[in-house]
Amino acid sequence: MRNLARRSFKWRVPLRWYAVSLLAPPLILLLAVMALYGLAPLRALAQNWSLIFTLFLPALVIMILFNNVAEEIGWTGFTFARLQDRHGPLRAALLTTVFFWLYHVPSCYVETRSRLATAVVLGIFLLPHLGSRLIIGWLYNSAGASVLIAGLFHAMHNAIVSATGLVAVLALPQFEVLVIMAAVVVLAGAIIAVGTRGRLGLRQSSESAADRK
Amino acid sequence: MNVHLGMFIRALRSWIIQHPIISFLILAYATTAALAFVPEALTELGLLPGGATPHGVLENVAGSAVPLS
């Protein structure tokens, strides 16, 4: 438990990992929406810049403090880390994806009140969940087993697609931003998996076990 | 009775230690299902006969019968 607590709040990591987890998602989204919508999102950003401080950042802070970092303690700090020791990083990410994906069944059903709609929505989001688990696993390993960095990325992603998040600042339909972010996450996850040859930033097995001790 | 309960708890603890991930998953899924479905189910009509709701039953059982017993 002490080891898990230490990894959950490990904040002394190179600054670049804070940049990757917090700055890369909104910047990549901005580039993607500019490619798709032209300059309209930039104009909306210039017009609605104050919403960054009144809507987007508060949403991000709430996600960090009460939601996603806590979520990642269980899914990354505990489940992914243990599975990784036994099965390697790629299989661990695949297994964690299934478990994490199933975890969303009750809340999805409550939102849709329809088994068919639940199945459709979850089916659509299976690949993005896999992409996000690959990215989060890579961030966790690369930042020296820091659950905090993984949680920050998850919080930023959720703050971006939230109706009161970056969606409102850019004045774009939430569903379209959700689809764009899903595509970005799937692509980034695939690039990371291929680029790291399935290691997801994990150093030699003796070093990773030492990180967890 | 206490001996059996103690044995059960020891066996459960042993099982959790041997299967930490499954234990976590059971806990996580049970919690999300409870949070998602129990509040809805408590006031859902049609789950119990005669127009009763689980909330109503709990209210009578836990609110009236248990304190009186």
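Now for a look at the structure at hand. None of these values were measured; they are calculated from a predicted model. Every chain's residues receive numbers from 1 upward, in the order its sequence appears when written. Chains carry letters from A onward and ligands carry numbers from 1 onward, assigned in written order. The model is predicted, so local features are restricted to residues of pLDDT at least 70 and side-chain atom pairs to those at 80 or more, both for listing and for counting; the totals for chains, interfaces and linings are taken over all residues. Excluded from the side-chain calculations are hydrogens and water; all other atoms, namely the structure's heavy atoms, are used.

Overview of the overall build of chain A
Counting secondary structure elements, chain A contains twelve helices and zero strands. Numbered from the N terminus, helices here are DSSP runs of H or I no shorter than four residues, and strands are runs of E no shorter than two. Written out in order from the N terminus, the α and β elements of chain A read α-α-α-α-α-α-α-α-α-α-α-α. Atoms considered for the radius of gyration are the C-alpha atoms alone. The globule rule reads 2.2 Å times the number of residues to the power 0.38. Over its C-alpha trace chain A gives a radius of gyration of 17 Å, about what one expects of a compact globule, namely 17 Å for 213 residues. In terms of its C-alpha atoms, chain A occupies a principal-axis envelope of roughly 50 × 40 × 30 Å. What makes two residues a contact is simply this: any of their non-hydrogen atoms within 4.5 Å. Taking all contacts inside chain A whose residues are at least 6 apart in sequence as the whole, residues at least 24 apart take part in 76%. The protein chains shown are the only cover counted for residues, whose accessible areas, like all others here, come from Shrake-Rupley with a 1.4 Å probe. For chain A, the computed accessible surface area is about 10800 Å², with 70% contributed by carbon and sulfur atoms. In this tally Asp and Glu are treated as negative and Lys and Arg as positive; neither His nor the chain ends contributes. Positions of charges follow a simple convention, taking NZ of Lys, CZ of Arg, CG of Asp or CD of Glu. Counting 18 positive and 7 negative side-chain charges, chain A places the averaged centre of each group 7 Å from the other.

So, the interface of chain A and chain B
Between chain A and chain B, the contact holds 15 residues from the first and twelve residues from the second. Here's the idea: put two parts together, see how much 1.4 Å probe accessible area each one loses, and the total over both is what we call buried area. Between chain A and chain B, roughly 1100 Å² of surface is buried when both sides are summed, and carbon and sulfur atoms account for 80% of that area. When the buried area of chain A at its contact with chain B is split by residue, F78, Y103 and P106 of chain A rank highest and sum to 36% of it. Here, a salt bridge means any Lys or Arg side-chain nitrogen found within 4 Å of an Asp or Glu carboxyl oxygen. Here chain A and chain B share zero salt bridges between them. In the analysis that follows, any N or O atom pair within 3.5 Å is treated as a polar contact, provided that within protein one partner can donate a hydrogen and the other can accept it, and provided that, for residues neighboring in sequence, both atoms belong to side chains. Between chain A and chain B we count one residue pair in polar contact (both at pLDDT 80 or more) in total. Where the side of chain A that touches chain B is concerned, the elements lending two or more residues are α4 (49–87), α5 (89–102) and α6 (105–112) of chain A. Polarity classes work like this: nonpolar for Ala, Val, Leu, Ile, Met, Phe, Trp, Tyr, Cys and Pro, charged for Asp, Glu, Lys and Arg, and polar for all others, with Gly in that last group. Looking at side-chain class alone, the side of chain A that touches chain B contains nine nonpolar, three polar and three charged residues.

Observations regarding the side chain of E71 of chain A
On the secondary structure map, E71 of chain A appears in helix α4. Those residues in contact with E71 of chain A, other than ones at most four positions away along the chain, are F100, Y103 and H154 of chain A.

Some details on unusual backbone geometry
The bulk of non-glycine residues show a negative phi, and the bulk of peptide bonds are trans. A positive phi angle, near 55 degrees, is found at A171 of chain A, a position not held by glycine. Along the chain, A171 of chain A turns up in the loop between α10 (166–170) and α11 (174–195).

Description of the pattern of salt bridges
Residue and element names in this part refer to chain A. Evaluated as defined, the whole model comprises one salt bridge over all chains. Close ionic contact of E72 with R133 constitutes a salt bridge, the shortest N to O distance being 2.8 Å. Residue E72 is located in helix α4, and its partner R133 is located in helix α8 (residues 126–142); the two are separated by 61 residues in the primary sequence. Think of it in three bands: residues with accessible area under 20% of the maximum for their type are buried, residues over 50% are exposed, and the middle band is partly exposed, with areas taken using a 1.4 Å probe on protein chains only. Residue classification places E72 among the buried positions, given a relative accessible area of 0%.

Quick look at the packing of helix α2 (residues 15–37) of chain A against helix α3 (residues 40–47) of chain A
All names here are of chain A. Contact geometry for α2 and α3: axes closest at 7 Å, N-to-C directions at 125 degrees. With respect to their mutual orientation, α2 and α3 come out oblique. Two secondary-structure elements touch here, α2 through L30, V33, M34 and Y37 and α3 through A40, P41, L42 and L45. The axes are straight lines fitted to the C-alpha atoms, using for helices just the contacting stretch, and the angles between their N-to-C directions are given from 0 to 180°. The cut-offs work like this: below 35 degrees is roughly parallel, past 145 is roughly antiparallel, 65 to 115 is roughly perpendicular, and the gaps in between are oblique.

Points about the layout of surface pockets
There is about 1200 Å³ of room inside the largest pocket. Cavity and pocket criteria rest on a 1 Å grid covering protein atoms alone: a 1.4 Å probe that fits but cannot get out defines a cavity, protein on both sides within 12 Å along at least 5 of 7 lines defines an open pocket, and an atom within 4 Å of a point defines a lining residue. If you go around the largest pocket, you meet 35 residues; those closest to its centre are H104, S107, H129, H154 and N158 of chain A. When contributions to the lining of the largest pocket are tallied by element, the ones reaching two or more residues are α4, α6, α7 (115–124), α8, α9 (147–161) and α11 of chain A together with α2 (20–42) of chain B. Broken down by element, the residue count for the lining of the largest pocket peaks at seven residues, all from α2 of chain B. Among the residues making up the lining of the largest pocket, the classes are represented as 20 nonpolar, twelve polar and three charged. Grid points are joined across faces, edges and corners, and a volume is the space filled by probe spheres set on the points.

Quick word on the packing of aromatic side chains
What counts as a ring pair is set by centres within 6.5 Å for rings of Phe, Tyr and Trp (its six-membered ring), and what kind of pair is set by the plane angle: stacked under 30 degrees, edge-to-face over 60, tilted for all other angles. Applying the stated rule across the entire model yields eight aromatic pairs over all chains. With a centroid separation of 5.2 Å and 75 degrees between ring planes, the pair formed by W75 of chain A and F24 of chain B is classed as edge-to-face. Pair noted here: W75 of chain A is in helix α4 and F24 of chain B is in helix α2, and the two residues belong to different chains. F24 of chain B shares its class with W75 of chain A; the two are buried. Judged by centre distance (6.1 Å) and plane angle (20 degrees), the ring pair of F100 of chain A and Y103 of chain A falls under stacked.

Regarding α2 of chain A
All names here are of chain A. In a helix, the anticipated span is given by 1.5 Å times the number of residues less one. In this model, α2 (23 residues) spans 32 Å end to end at C-alpha, consistent with the 33 Å of a helix rising 1.5 Å per residue. Most pronounced at L23, the bend in α2 amounts to some 45 degrees, and the proline P25 follows within four residues. For α2, the full list of buried residues reads W17, S21, P25, P26, L29, A32 and V33. Contacts made by the buried residues of α2 are with α3, α8, α9, α10 and α11. Of the residues flanking the end of α2, it is G38, one or two places downstream, whose phi is positive at about 80 degrees. The bend reported for a residue corresponds to the angle between axes fitted to the seven residues ending at that residue and the seven starting there.

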